[in-house]
Structures are given as structure tokens and as C-alpha cells.
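Chain residues, written in single-letter form:
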Amino acid sequence: MKYTQLGKTGLRVSRLALGCMSYGTPSWRPWVLSEEASQPFFRRAVELGINFFDTADMYSLGVSEEVTGRALRRYAKMEEVVLATKVFFPMGDGPNMRGLSRKHIVQACEASLKRLGVEAIDLYQIHRMDPHTPVEETLCALDQLVRQGKVRYLGASSTFAWQFARALGLADQHGWTRFVSMQDHYNLVYREEEREMHPLCEAEGIGILPWSPLARGLLAGTRTSLEDKSSTPRAKSDAYAGMLYDQPGDWEVVEATRRVAAARNVPPAQVALAWLLSRPLVTAPIIGATKMEHLEDAVRAVDLKLQPEEIQQLEAPYQPHALRGM
């Protein structure tokens with residue numbers, strides 16, 4: 001495994017982060033693995049040198065954090081792990097069980113610490129921006145958690161570039177802790193982040209942690225078309241994928257990825273991840289794995305170097321999209 005710094009911090013993370021949304025309870029989503037079925041993935045990830053693990057309180061409504069915390073305490077040295085989680089989405093029916101108010105952030109952090117079984121969260125991320133809470137309230141509450149030692153670094157996910165720029169500016173103005181990472185929707189099929197968000201992150205020294213690096217499985221080579229809803233358990237129940245990838249040109253990108261992969265004699269997923277890792281701003285894609293080969297292929301992609309002509313083939317079919325994943 002290779003390692004790099006997260007943005008302009010001194011924190012070193014593996015070039016891949018294991019996304020833990022797939023581990024929790026299948027009662028939340030049918031494709032999610034139970035705790036028992038999840039254990040081999042954590043063990044193997046640690047063996048392969050992955051030290052970066054990403055979850056969220058809303059994944060399996062807290063069970064993912066519990067499963068992740070127990071597995072890492074069992075298989076990893078916690079002082080070597082970089083553990084990330086997120087806050088924003090509803091954790092219950094009550095009006096204060098969601099969003100980015102001071103009340104919810106503080107309570108959610110305390111709950112995540114207990115579920116993860118740690119004294120501090122390495123990277124605490126806002127899962128989205130909250131339009132109903134002043135951003136100053138959110139930033140001040142997050143800074144409080146850092147000053148209390150409950151959180152070490154702050155990150156954000158899927159905001160508009162102007163929102164993120166404003167948040168960074170306000171943090172500087174008030175002396176609050178800055179965000180160091182942006183977890184955004186970015187892959188070969190969806191590259192709109194290259195327009196504004198990535199130039200902003202480059203200027204501000206922010207690390208990029210792409211989610212859905214395989215475009216909800218489209219770039220893994222298992223689906224037969226954009227409309228294929230039967231090739232994988234996730235495809236059968238993942239309505240969100242249809243909202244993210246529904247342009248005819250999207251499939252042309254998939255086919256280009258398959259052609260490059262066939263010429264290299266490697267799975268398409270390796271090519272798609274290798275392309276992401278070739279982007280100079282990308283720190284670590286957030287990969288999901290519900291089969292061991294998913295994890296093994298992802299790690300092999302770290303050492304796969306694409307040639308300029310291959311990158312050109314992969315990028316040529318891309319068509320602009322409306323904003324998706326916000």
C-alpha cells in the first residue's frame with residue numbers, strides 16, 4: 001500500500017479508504033453485510049495496509065459505526081488507524097435528530113464516539129450542508145469539538161463550491177478549525193467537480209476523497225446497461241443510482257473503460273480507480289467491498305499506471321452533466 005498526506009495536513013492516509021456503508025445490518029439495505037460477514041473485509045484491509053476507514057452515523061442507523069469500531073479494535077492498531085465518520089442525515093424522527101445545529105452536532109458526535117468505541121474521531125465530516133442552520137453555528141460547534149479533543153480533523157462532503165469557499169473564509173475570519181478534506185461525487189462518469197470544487201480545493205490545500213468511485217458499480221463491469229437492475233444485489237434496490245447516472249453518454253464512458261481494461265487484461269474497476277488515483281488532487285477514493293475480489297482489485301489499482309493515451313481514451317466520451325449527488 002502507498003500512503004499520502006491528507007491535504008496540507010501532516011496526517012498520512014492510505015491511497016484507498018475502505019468505505020463502511022456496506023457493513024452493518026441488511027435490515028437497513030438488503031445489500032449490506034452483517035457484522036459476521038463483514039469481519040473478513042476489515043481483517044484483509046488491515047493486512048493489505050489500508051489505514052483509512054470511512055463510515056457515517058446514518059449508515060445502518062448507527063450499526064455501521066458499531067461494527068466498524070469493534071472490527072478495527074480487533075484487527076488493527078488503533079493508534080495507526082485514521083477513522084472517519086459523518087453527521088447530518090436523520091438519526092430519528094425528532095426535529096433535532098438531524099442537520100447541523102450545535103445541539104445535533106454535539107449529541108451526534110458523542111453518540112458516534114460511543115458506537116465507535118474511541119475517545120476521538122480522526123476525521124469528522126459534515127455529510128451535507130444544512131440550509132436551515134447558519135453556517136457560523138455549524139462551524140463554531142465543530143471547532144468546539146476539536147478544542148475539546150473529541151475530533152482531530154474536520155471534513156465536508158458534497159457541497160457547492162461557493163458554500164465551501166464561504167465556510168473556509170468564515171473559519172479563517174473567526175479563528176475556527178478549517179476543513180481539511182472534501183468527500184465529493186467524482187468518477188469517470190461524473191466529473192463536474194473538476195469545474196469549480198477541485199480548483200478551489202487545490203488553491204486551499206484541501207484533500208479530495210471521492211465517493212462512488214465506480215459510479216455505483218457501473219464502472220465495475222458487472223452491469224449490462226444503465227437500465228440493468230438485476231446484475232447485483234445492490235442494483236436491484238439502489239434507486240439512487242438511477243438518479244445519478246441516466247444520460248445515454250454515461251454508458252459510452254463505461255464502454256471506454258472496458259476497452260482499456262480488456263487491452264490491459266485487468267478488471268474495469270482497476271482501470272477506473274487507477275484513473276482517479278492519477279488525478280493529482282485525489283487523496284484516496286472511498287471504495288466499497290462486499291466481495292473479497294472488490295477489495296483485492298482496488299488495492300491492485302494503486303500500482304496500475306495508465307498511459308497518457310489510455311487516459312485520453314477514458315476521458316474522451318464524457319458529456320457534461322447537471323449537478324448530481326448534492
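Before reading on, note that the structure itself is shown above.
The text that follows walks through the structure, step by step, so that each part is easy to find. Remember, predicted model here, so these are calculated numbers, not experimental data. (Residues numbered from 1 in each chain as written. Predicted model: local features only at pLDDT ≥ 70, side-chain atom pairs only at ≥ 80, totals over all residues. Heavy atoms only, no water.)

1. Things to note about the pattern of salt bridges
Operational definition: Here, a salt bridge means any side-chain nitrogen of Lys or Arg that lies within 4 Å of a carboxyl oxygen of Asp or Glu. Note on classification: 1.4 Å probe, protein chains only; a residue is buried when its accessible area is under 20% of the maximum for its type, exposed when over 50%, partly exposed between these limits.
Inspection of the entire model under this criterion finds 17 salt bridges. Arg191 serves as the salt-bridge partner of Glu194, at 3.1 Å between the closest nitrogen and oxygen. Classification of Arg191 as buried rests on a relative accessible area of 12%. A cluster of three or more residues bridged by salt bridges with shared partners is formed by Arg44, Glu47 and Glu296.

2. Remarks on unusual backbone geometry
What counts, and what does not: The helix and strand labels rest on DSSP assignments: H or I over at least four residues marks a helix, E over at least two residues marks a strand, and numbering proceeds from the N terminus.
The backbone of Leu61 sits at a positive phi, close to 50°, despite the residue not being glycine. Position of Leu61 relative to the elements: it lies in the loop between β4 (52-54) and α2 (63-75). The exposed category is assigned to Leu61, whose relative accessible area is 52%. Notably, Asn265 is not glycine yet its phi reads approximately 60°, a positive angle.

3. A short note on the state of the cysteines
This is how it is decided: Two cysteine sulfurs form what is called a disulfide whenever their separation falls within 2.5 Å.
All chains considered together, the criterion is met by zero disulfides. Residue Cys140 stays outside any disulfide, its sulfur separated by 14 Å from that of Cys109, the closest cysteine. What makes Cys140 partly exposed here is its relative accessible area of 25%.

4. Digging into the packing of helix α5 (residues 161-174) against helix α6 (residues 197-204)
The description of two helices packed together rests on the angle between their axes and the distance between the axes. Rule in force here: Every axis corresponds to a line fitted to the C-alpha atoms, with the helix fit spanning only the stretch in contact, and the corresponding angles, defined between N-to-C directions, vary from 0 to 180 degrees. Angles below 35 degrees are treated as roughly parallel, those above 145 as roughly antiparallel, those between 65 and 115 as roughly perpendicular, and all remaining angles as oblique. Handedness of a helix crossing follows the sense of rotation of the near helix relative to the far helix, less than a right angle counterclockwise being left-handed and clockwise being right-handed. Every residue pair with non-hydrogen atoms within 4.5 Å of one another is taken to be in contact. Residue type decides the class: Asp, Glu, Lys and Arg count as charged, Ala, Val, Leu, Ile, Met, Phe, Trp, Tyr, Cys and Pro as nonpolar, and the leftover types, Gly among them, as polar.
As a packed pair, α5 and α6 sit with axes 9 Å apart at the nearest point and diverge in direction by 20°. Considering the angle they form, α5 stands roughly parallel to α6. Of the two elements, α5 crosses α6, and the hand of that crossing is left-handed. Along the contact surface, α5 presents Ala161, Phe164, Ala165 and Leu168, while α6 presents Met197, Leu200, Cys201 and Glu204. Class assignment for the residues of the contact of α5 with α6 results in seven nonpolar, no polar and one charged.

5. Observations concerning the nonpolar core
Going by this rule: Take the buried Ala, Val, Leu, Ile, Met, Phe, Trp, Tyr and Cys residues and link them wherever side-chain atoms come within 4.5 Å; each set so joined is a nonpolar core.
Residues Leu18, Tyr23, Phe42, Phe53, Tyr124, Phe164 and Phe179 are the most contacted members of the largest nonpolar core, which totals 89 residues. If one sorts the elements of this core by residue count, helix α10 (residues 268-278) sits on top with eight residues. Residues within four places of Tyr124 in sequence aside, it is in contact with Thr85, Lys86, Val87, Ile105, Ala108, Cys109, Leu142, Leu145, Val151, Tyr153, Leu154 and Gly155. With twelve residues, the next largest nonpolar core counts Phe52, Val82, Leu123 and Val180 among its residues.

6. Observations regarding the environment of Pro267
Here Pro267 is to be found in the loop between α9 (248-264) and α10. Note on Pro267: relative accessible area 28%, which makes it partly exposed. Distance from Pro267 to Ala298, taken between C-alpha atoms, is 9.9 Å for residues 31 residues apart in sequence. If we skip the residues at most four places from it in the chain, Pro267 touches Ala261 and Asp297.

7. Details of the packing of aromatic side chains
What counts, and what does not: Whether two aromatic rings pair depends on their centres lying within 6.5 Å, for rings of Phe, Tyr and Trp, where Trp uses its six-membered ring; planes under 30 degrees apart make the pair stacked, over 60 edge-to-face, and the rest tilted. Throughout this description, the term charge over a ring refers to an Arg CZ or Lys NZ atom that lies within 6 Å of the ring centre and within 35 degrees of the ring normal.
Tallied over the entire structure, the rule returns seven aromatic pairs. Taking 5.6 Å as the distance between ring centres and 50° as the angle between the ring planes, the aromatic pair formed by Tyr186 and Trp275 counts as tilted. Of this pair, Tyr186 sits in the loop between β8 (179-183) and α6 while Trp275 sits in helix α10, and the two are 89 residues apart along the sequence. For the pair formed by Tyr186 and Trp275, the shared burial category is buried. Members of the aromatic cluster, connected to one another through ring pairs, are Tyr23, Phe41, Phe42 and Phe53. The ring of Trp28 is capped by Arg29, whose NZ or CZ atom sits 4.0 Å from the centre of that ring.

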